[in-house]
Amino acid sequence: MDRPLTVTTIGELRDRLAEHRAAGRTVGFVPTMGYLHEGHASLMRAAREHDDVVVVSVFVNPLQFGEGEDLDTYPRDLERDARVAAAEGVDLLFVPPVEEMYPEPVLTTVSVAKVSEPMEGAARPGHFDGVATVVAKLFNIVGPCRAYFGAKDFQQLAVVRRMVRDLSFPVEVVGCPTVRELDGLAMSSRNAYLTPEQREAAPVIYRALRAGAAAIAAGERDPQAVRELVAGIIEAEPLAELDYVEVVDADSLATPETLQGNLRLLAAVRFGRARLIDNVGVTV
Ligand code: AMP
């Protein structure tokens, strides 16, 4: 099988894509940090369906990891990633070494105000600057494309959408639904950190978020009451350590005084060394 073609330099990826564009082909782009699972595969399938050429990047971006986070232990398996990409009909796998992306310390960063400030932004200072900067760089490398992102990282999707609008990137951002295990746990490369006991307990996140959404659907309009309900369910699980739970406006990511319109419930929960995030939507 000659697909995917693995490319490690910015120059070669640009050259390959220039040939495809010259032949009139559209480009679908799926940025990832690798250790690919069914959630990533669903993005590749969406790209395969809509675009002529599918590019997947695998790059564990040091800029988006904070001090003491899991940059060094983040799971990696490039051979398996290539097999997953091959099975989804991916054309190009872009796997740049860190020195290719950052040959010198970056002096230029992208920072998206407001939407990047609450929740993950508050819990992980600098995280979204790292995300926005690497995504901007990848968009400049890949060029005009449709770019596929998962709703699993809801705030990241909002940050990227806003960056694309504010800076007029020639990119159409496509949000795709969260893929879950049969018991509801959102798929994540970081699930590999879970012990069997923690893995069994982890679906509590989705269960709690759904209970919050159900309370809103049943008429609850007080964000604090919803937060307490969700937090109570998560905190009843002894292996879970709640980081935050929020209910926000799905567009602005601001916390409304009274719940109305398009809402999103989001939570971050630690199980041992795994820090997991998840979210669900509800419309009043
Ligand atoms: P990551 O490799 O974790 O940085 O994720 C790369 C892309 O895959 C991001 O757009 C994520 O939102 C998306 N993704 C990760 N997990 C899932 C999932 N369970 N369902 C859908 N998309 C996902």
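About the cut-offs
- Residues numbered from 1 in each chain as written.
- Predicted model: local features only at pLDDT ≥ 70, side-chain atom pairs only at ≥ 80, totals over all residues.
- Heavy atoms only, no water.
- Helix = DSSP H or I, 4+ residues; strand = E, 2+ residues; numbered from the N terminus.
- Rg over C-alpha atoms; globule rule 2.2 N^0.38 Å.
- Buried < 20%, exposed > 50% of the residue type's maximum accessible area, 1.4 Å probe, protein only.
- Contact = heavy atoms within 4.5 Å.
- Near = heavy atom within 4 Å.
- Polar contact = N/O pair within 3.5 Å; in protein donor to acceptor, adjacent residues only side chain to side chain.
- Areas by Shrake-Rupley, 256 points an atom, 1.4 Å probe, with all protein chains shown as cover.
- Pairing = 2+ DSSP bridges.
- Right-handed = clockwise from strand over helix to strand, strands pointing away.
- Axes fitted to C-alpha atoms, helices over the stretch in contact; angles between N-to-C directions.
- Parallel < 35°, antiparallel > 145°, perpendicular 65-115°, else oblique.
- Left-handed = near helix turned anticlockwise from the far one by under 90°.

A. Spotlight on the overall build of the chain. Of the regular secondary structure elements, the chain holds 10 helices and nine strands. For the chain, the C-alpha radius of gyration of 19 Å lies close to 19 Å, the compact-globule estimate for 284 residues. Over its C-alpha atoms, taken along the principal directions, the chain stretches across nearly 55 × 40 × 40 Å. In the chain, buried positions account for 52% of the 284 residues. The contacts in the chain between residues at least 6 apart in sequence include a share of 72% that link residues at least 24 apart.

B. Structural view of the site of the ligand. In the vicinity of the ligand there are 17 residues, among which Met33, His40, Asp153, Val179 and Met187 approach most closely. Within the backbone of Met33, an N or O atom sits 2.9 Å from an oxygen atom of the ligand. Between the ligand and Met187, the relevant distance is 2.9 Å, taken from a nitrogen atom to a main-chain nitrogen or oxygen of the residue. Coverage of the ligand by the protein amounts to 93% of the 480 Å² it exposes when considered alone. Contributing elements (two or more residues each) for the shell around the ligand: strand E2 (27-32), helix H2 (38-50) and strand E5 (145-150). Considering every element that reaches the shell around the ligand, the biggest residue donor is H2, with three residues.

C. Fine view of the pairing of strand E6 (residues 171-176). Here E5 runs beside E6; their pairing, made up of six bridges, is parallel. Bridge pairing in E6 places Tyr148 opposite Val174.

D. A look at the pairing of E5. Sheet topology note: the E2/E5 ladder contains two bridges and is parallel. From the neighbouring strand, Phe29 faces E5, where its bridge partner is Ala147. For the segment spanning E5, helix H7 (residues 154-167) and E6, crossover handedness is right-handed.

E. Spotlight on the packing of helix H9 (residues 204-217) against helix H10 (residues 223-235). Their axes nearest at 9 Å, the elements H9 and H10 cross at an angle of 155°. The orientation of H9 relative to H10 falls into the category roughly antiparallel. Of the two possible hands of crossing, H9 and H10 adopt the one that is right-handed. Contacts between H9 and H10 involve Val204, Ala208, Leu209, Ala211, Gly212, Ala215 and Ile216 from the first element and Val226, Leu229, Val230, Ile233 and Ile234 from the second.

F. Examining unusual backbone geometry more closely. We note that Lys114 has phi near 60°; this positive angle belongs to a residue other than glycine. Tracing the sequence through the fold places Lys114 in the loop between helix H4 (98-101) and helix H5 (120-123). Here Lys114 falls in the exposed class, since its relative accessible area comes to 65%. Unusually for a residue other than glycine, Met119 sits at a positive phi of about 50°. Note on placement: Met119 falls in the loop between H4 and H5. On the basis of relative accessibility, which here comes to 6%, the residue Met119 falls in the buried class.

G. Quick look at the sheet that holds strand E8 (residues 262-271). The strand order across the open sheet formed by three strands is E7-E8-E9, and the pairing between neighbours is antiparallel. Where the open sheet ends on each side, the last strands, each with one partner, are strand E7 (241-249) and strand E9 (274-283). Each adjacent strand pair in this sheet contributes to an overall mean axis angle of 15°, direction not counted. In the sheet, E8 pairs with E9 via 10 bridges, with the strands oriented antiparallel. The partner of Asn262 across the bridge, within E9, is Thr283.

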